[in-house]
Amino acid sequence: MSSENTAPAGYSRAQVILHWLIAALILFQLLVNEGMQEAWRAMRRAGEDGGNPVPHIVVGSAILILAAIRLVIRLRHGAPPHPAGQPAALALIANVVHWGIYALLFMIPISGLVAWFGGVEGAAAVHGGPLRLALIGLVLLHIAGALAQQFVLKRGVLMRMLKPES
Ligand code: HEM
Ligand code: HEM
């Protein structure tokens, strides 16, 4: 595990690839889920068939596995320190947002799996309701933060998620 003394200079190649791969898969899950919604409604109506849930299940499970790999790398490799001169309050917000997103990358697919394979309606309600909204909220905050750091505060953080070890 990293400490301030042993923090790496930048994100590793694996961290950068996983960041953008997971971001793309999340976008897909948020935008393309009609098939799963239809399949879920049909299943609730006494086991009818309808809609194709497979892409949602496959992509969602891939996110869970990739998030686990990413978390292990994050704990082993660590993350670069916050930019020099970053106000403590902003650094705290960034940490809360990052770890909040990590938590949701597990809670969302797990609640989906419990809903679908366990037939638990409450898990589906939490999955498509508060957890989905929390993810959208945190990711929007995250993007706003990254763009503000880059273009308003001019601290160049975007580059470290584009070019490994930069
Ligand atoms: C990070 C991964 C995932 C994301 C971001 C995600 C996102 C979503 C979204 C946005 C919806 C539509 C909710 C709505 O508009 O009402 C949905 C529905 C659903 N998802 Fe996922 N999902 C993920 C993974 C999974 C997995 C792995 C499963 C397991 C089978 C799953 C099962 C379901 C079910 C059963 C529904 C229907 C619930 C309903 O319509 O009330 N999801 N998901
Ligand atoms: C669903 C989409 C996204 C998710 C789930 C996500 C998640 C994360 C997480 C958890 C981190 C913490 C670093 C780590 O431990 O790997 C991070 C870092 C970062 N993300 Fe994202 N991200 C997303 C989209 C974006 C977008 C669209 C941008 C660009 C505008 C972006 C820019 C960055 C940057 C620059 C960092 C490094 C921040 C730093 O170290 O100060 N992310 N992201």
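Computed from a predicted model, the values in this text were never measured in an experiment.

Reading guide: rules and limits
- Residues numbered from 1 in each chain as written.
- Chains lettered and ligands numbered in written order.
- Predicted model: local features only at pLDDT ≥ 70, side-chain atom pairs only at ≥ 80, totals over all residues.
- Helix = DSSP H or I, 4+ residues; strand = E, 2+ residues; numbered from the N terminus.
- Buried ≥ 20, exposed ≤ 12 C-beta atoms within 10 Å, placed from the backbone.
- Contact = placed C-beta atoms within 7 Å.
- Near = placed C-beta within 6 Å.
- Nonpolar A, V, L, I, M, F, W, Y, C, P; charged D, E, K, R; others polar.
- Expected span 1.5 Å × (residues − 1).
- Bend = angle between axes of the 7 residues up to and from the residue.

*Asks:* How do you make sense of the overall build of the protein chain when you look at a structure like this?
*Replies:* Per the secondary structure count, the protein chain includes 6 helices and 0 strands. Reading the secondary structure of the protein chain in the N-to-C direction produces α-α-α-α-α-α. If you line up the protein chain on its principal axes, its C-alpha atoms span 60 × 30 × 25 Å. Counting every position in the protein chain, which comprises 166 residues, the buried fraction comes to 16%.

*Asks:* Mind showing me how you'd approach the environment of I22 here?
*Replies:* With respect to the helices, strands and loops of the structure, I22 is situated in helix α1 (residues 13-31). I22 gets classed as partly exposed once you count the C-beta atoms within 10 Å, which come to 18. I22 sits 48 residues away from R70 along the chain, and the two C-alpha atoms are 9.5 Å apart. Apart from the residues lying within four places of it in its own chain, the contact partners of I22 are I63, L66, A67 and R70.

*Asks:* In this structure, what is going on with the site of ligand 1? I would like to understand it.
*Replies:* Around ligand 1 sit 22 residues in total, of which Q29, G60, G112, W116 and G128 are the nearest. Broken down by secondary-structure element, the contributors of at least two residues to the shell around ligand 1 are α1, α2 (34-44), α3 (54-77), α4 (88-118) and α5 (121-152). At 6 residues, the largest contribution of residues to the shell around ligand 1 is made by α4. Its residues placed into classes, the shell around ligand 1 shows 12 nonpolar, 9 polar and 1 charged.

*Asks:* Please explain α5 as it appears in this structure.
*Replies:* Owing to its 3.6 residues per turn, the α-helix aligns residues three or four sequence positions apart on the same side. If you check α5, its first and last C-alpha atoms are 44 Å apart, about what 32 residues at 1.5 Å a residue would give, namely 46 Å. Along its length, α5 shows its largest kink, about 35 degrees, at H127, and proline P130 lies within four residues downstream of that point. The set of residues buried in α5 consists of A124, H127, L131 and L135. Where α5 is buried, its residues meet α2 and α4.

*Asks:* How should the environment of V97 be read in this particular structure?
*Replies:* Looking at where V97 falls in the secondary structure, it is placed in helix α4. Measuring from C-alpha to C-alpha, the distance between V97 and L135 comes to 9.9 Å, with 38 residues separating the pair along the chain. The residues contacting V97, other than those within four sequence positions of it, are L138, L141, H142 and G145.

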